[in-house]
Amino acid sequence: MTPDIDMAEIPAGTVTLHDARRKTHRTVALEPFAIGVFPVTEELMAELLGVPSEHPRRPAVDVSWQRAIRFCNALSEWEGLDPAYRVDAEVVTWRVDSDGYRLPTEAEWEYACRARSTKPQYGPLDEIAWTAADQVSHPQDVGGKLPNLFGLFDTLGNAWEWCWDFLDPARYGDYRVFRGGGFDDAAWSVRASTRRGGGPRMHHDDVGLRVARGGFDGRDAAQGWSVAADEENALIDGAVPFGWTPLR
């Protein structure tokens, strides 16, 4: 029997996202959606995908973005929901009208994390997040620190969480975003606005996921993300600066 997954209903609102490289800000209006109260645990990952679970209540980490997508579809199918993703080899398409489980968009993630706070952290870091200051050597059981005002635990610290969005297509190609900071990160990285990412097949010992739900009208655009924006952000005007990855 698959363990229940607790979801919080997040009201409509707005969030302002910062693009450090382009030095731009944009405000996104979000429709209501649902998001996991906790990160996906080893227990839930094991039940759905048949992978080992040595520490059932810890966040599932070493999870690639592609495996996170597979997990979301498996959870949808288990509950009889229409899967949110169409997967064709390495190509993943979000069917935005589906109400199945999925990864949050960056805008959804940051809005849910902040819980209407405008500060880098929604509370004193030692009370809300597992970080390098705690001197732990691995992720801790979920729910061990205080939640934010939306009732979400561990959005900051403990384990980074994959989002749907590309990190920066012009500079990093197919890299996807993860957010939130991990158990071994200093306070500077454990902020609501911090963006990092990796390739869709990469996995890291401090990166997991938190699921979201919510279907929307329209096509190829929802909750601060769009195919058109992805295509625009992939354009490079002029020579590629030295040090960019991947070089083109």
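Before reading on, note that the structure itself is shown above.
So, here is what we can say about the structure in this document.

Reading the values: rules and limits
- Residues numbered from 1 in each chain as written.
- Predicted model: local features only at pLDDT ≥ 70, side-chain atom pairs only at ≥ 80, totals over all residues.
- Heavy atoms only, no water.
- Axes fitted to C-alpha atoms, helices over the stretch in contact; angles between N-to-C directions.
- Helix = DSSP H or I, 4+ residues; strand = E, 2+ residues; numbered from the N terminus.
- Parallel < 35°, antiparallel > 145°, perpendicular 65-115°, else oblique.
- Contact = heavy atoms within 4.5 Å.
- Nonpolar A, V, L, I, M, F, W, Y, C, P; charged D, E, K, R; others polar.
- Buried < 20%, exposed > 50% of the residue type's maximum accessible area, 1.4 Å probe, protein only.
- Pairing = 2+ DSSP bridges.
- Expected span 1.5 Å × (residues − 1).
- Phe/Tyr/Trp six-rings, centres within 6.5 Å; stacked < 30°, edge-to-face > 60°.
- Core = buried A, V, L, I, M, F, W, Y, C linked by side-chain atoms within 4.5 Å.
- Polar contact = N/O pair within 3.5 Å; in protein donor to acceptor, adjacent residues only side chain to side chain.

This part takes up the packing of helix H1 (residues 42–49) against helix H2 (residues 65–78). Where H1 contacts H2, the two axes come as close as 10 Å, and the packing angle between them is 70°. Judged on the interaxial angle alone, H2 and H1 are roughly perpendicular. The segment H1 lies against H2, with Leu-44, Met-45, Leu-48 and Leu-49 engaging Arg-67, Arg-70, Phe-71, Ala-74, Leu-75 and Trp-78. Among the residues forming the contact of H1 with H2, the class breakdown is eight nonpolar, no polar and two charged.

Along strand E4 (residues 33–36), one buried face is formed by Phe-33 and Ile-35 and the opposite face, lined by Ala-34 and Gly-36, is buried too. Sheet topology note: the strand E1 (residues 7–10)/E4 ladder contains four bridges and is antiparallel. Within E4, the residue paired with Ala-8 across the bridge is Ile-35.

Here the focus is the environment of Arg-22. Structurally, Arg-22 is set in the loop between strand E2 (13–19) and strand E3 (24–30). Its relative accessible area of 29% is what places Arg-22 among the partly exposed residues. Aside from chain neighbours lying at most four places away, what touches Arg-22 is Asp-168, Ala-170 and Asn-233.

In a regular helix each residue adds 1.5 Å, so 14 residues correspond to 20 Å; H2 covers 20 Å between its end C-alpha atoms and thus fits that length. Within H2, ten of the 14 residues are buried, which leaves the element mostly enclosed by the surrounding structure. Among the residues of H2, those classed as buried are Trp-65, Gln-66, Ala-68, Ile-69, Phe-71, Cys-72, Asn-73, Ala-74, Leu-75 and Ser-76. Remark: Gly-80 follows H2 within two positions and exhibits a positive phi of approximately 75°.

Moving on, we get to the packing of aromatic side chains. Overall, the coordinates contain ten aromatic pairs when judged by the stated rule. For the pair Phe-38 and Phe-153, a centre-to-centre distance of 5.1 Å together with 20° between the ring planes defines the contact as stacked. Taken together, the residues span a long stretch of sequence, with Phe-38 in the loop between E4 and H1 and Phe-153 in the loop between helix H4 (125–128) and strand E7 (160–166) at a distance of 115 residues. An angle of 40° between the planes, with centres 5.4 Å apart, marks the rings of Trp-94 and Trp-225 as tilted. Of this pair, Trp-94 sits in strand E6 (residues 91–94) while Trp-225 sits in strand E13 (residues 225–226), placing them 131 residues apart in sequence.

Counting 50 residues, the largest nonpolar core has Met-45, Phe-71, Tyr-85, Trp-94, Leu-103, Trp-164 and Leu-209 as its most contacted members. The element that contributes the greatest number of residues to this core is H2, accounting for seven residues. Excluding residues that lie within four positions of it along the chain, Trp-164 makes contacts with Trp-65, Ile-69, Tyr-85, Val-92, Thr-93, Trp-94, Leu-103, Pro-104, Thr-105, Arg-176 and Trp-225. Counting residues in hydrophobic clusters, the runner-up holds 13 residues, among them Leu-125, Ala-129, Tyr-175 and Val-177.

Moving on, we get to the side chain of Gln-223. Along the chain, Gln-223 turns up in the loop between strand E12 (221–222) and E13. Looking at Gln-223, the relative accessible area reads 6%, which means it is buried. In terms of polar contacts, Gln-223 uses its side chain to reach the backbone amide nitrogen of Glu-31, at 3.0 Å. Apart from residues lying up to four places away in sequence, Gln-223 is in contact with Val-28, Leu-30, Glu-31, Pro-32, Phe-33, Thr-105, Ala-107, Glu-108 and Phe-216.

Spatial ordering of the open sheet is given by E9-E8-E7-E10, a layout of four strands whose pairing is mixed. On the outer flanks of this sheet lie strand E9 (195–198) and strand E10 (207–208), each paired with one strand and no other. Relative to E9, strand E8 (residues 176–179) is paired through four bridges, and the arrangement is antiparallel. Counterpart to Arg-179 in the pairing with E9 is Arg-195. Relative to E7, H2 is tilted by about 90°, and along the sheet it contacts E7 and E8. Seen against the sheet, helix H3 (residues 106–114) touches E7, E8 and E9 and runs at an angle of roughly 140° to E7.

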